[in-house]
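# Observations on chain architecture
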Amino acid sequence: MEDTIPPLRVARSRKLPPRAVPIAFAFFMSAIMAFLMCCVIVGVNTGIDAGYPARVLSTYVLAMPVAFLCVLTVRPFVLKLVGAVCRMPG
């Protein structure tokens, strides 16, 4: 018999533990939103031409870490707001 770990078990072992969910969520949410906002704002302010991608990326370098810290910071407040306007399951 081969001494290997089934693929499903290997995939699970590479995942972050449940306690990392809020940080992973904040990372992906801020990465996507910062990129989309940079695309829109740079396009509106400077136009879309040959230098557009470089301008977006240079703006994103600043915007992404700021957005990540903001999402982590406002998360508790947003959860309270959501609890105030939504019936929670259970």
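Our structure's up above, just so we're on the same page.
Keep in mind the model is a prediction, meaning the values are calculated, not measured.

Reading the values: rules and limits
- Residues numbered from 1 in each chain as written.
- Predicted model: local features only at pLDDT ≥ 70, side-chain atom pairs only at ≥ 80, totals over all residues.
- Heavy atoms only, no water.
- Helix = DSSP H or I, 4+ residues; strand = E, 2+ residues; numbered from the N terminus.
- Expected span 1.5 Å × (residues − 1).
- Bend = angle between axes of the 7 residues up to and from the residue.
- Buried < 20%, exposed > 50% of the residue type's maximum accessible area, 1.4 Å probe, protein only.
- Contact = heavy atoms within 4.5 Å.
- Salt bridge = Lys/Arg side-chain N within 4 Å of Asp/Glu carboxyl O.
- Axes fitted to C-alpha atoms, helices over the stretch in contact; angles between N-to-C directions.
- Parallel < 35°, antiparallel > 145°, perpendicular 65-115°, else oblique.
- Left-handed = near helix turned anticlockwise from the far one by under 90°.
- Core = buried A, V, L, I, M, F, W, Y, C linked by side-chain atoms within 4.5 Å.

## Some details on helix α3 (residues 52-85)
Taking 1.5 Å as the rise per residue, α3 with 34 residues should run 50 Å; its terminal C-alpha atoms sit only 40 Å apart, a clear shortfall. The axis of α3 is deflected most strongly, by about 50°, at Arg 75, and proline Pro 76 appears within four residues downstream. Residues of α3 that are buried: Tyr 52, Val 56, Tyr 60, Met 64 and Phe 68. Among the structural elements, α2 (21-46) are those in contact with the buried residues of α3.

## Let's talk about the pattern of salt bridges
This model, assessed by the stated rule, comprises one salt bridge. A salt bridge links Asp 49 to Arg 55, with the shortest nitrogen-to-oxygen separation between them at 3.0 Å. Relative accessible area serves as the criterion here: at 43%, Asp 49 is assigned to the partly exposed category. Classification of Arg 55 by relative accessible area gives partly exposed; the value is 24%.

## Let's talk about the packing of α2 against α3
Two numbers describe a pair of packed helices, the interaxial angle and the distance between the axes. Between α2 and α3, the least distance of the axes is 7 Å, while the angle of their chain directions is 140°. Classified by the angle between their axes, α2 and α3 sit oblique to one another. The hand of the α2/α3 crossing is right-handed.

## Topic: the nonpolar core
Generally speaking, soluble globular proteins have nonpolar side chains that are buried together. In terms of nonpolar packing, the biggest core is built from 11 residues, these being Ala 26, Ala 31, Ala 34, Cys 38, Cys 39, Val 42, Tyr 52, Val 56, Tyr 60, Met 64 and Phe 68. Counting only elements with at least two residues in this core, the list comes to α2 and α3. It is α2 that provides the largest number of residues to this core, a total of six residues. Apart from residues lying up to four places away in sequence, Val 42 is in contact with Gly 47, Tyr 52, Arg 55, Val 56 and Thr 59.

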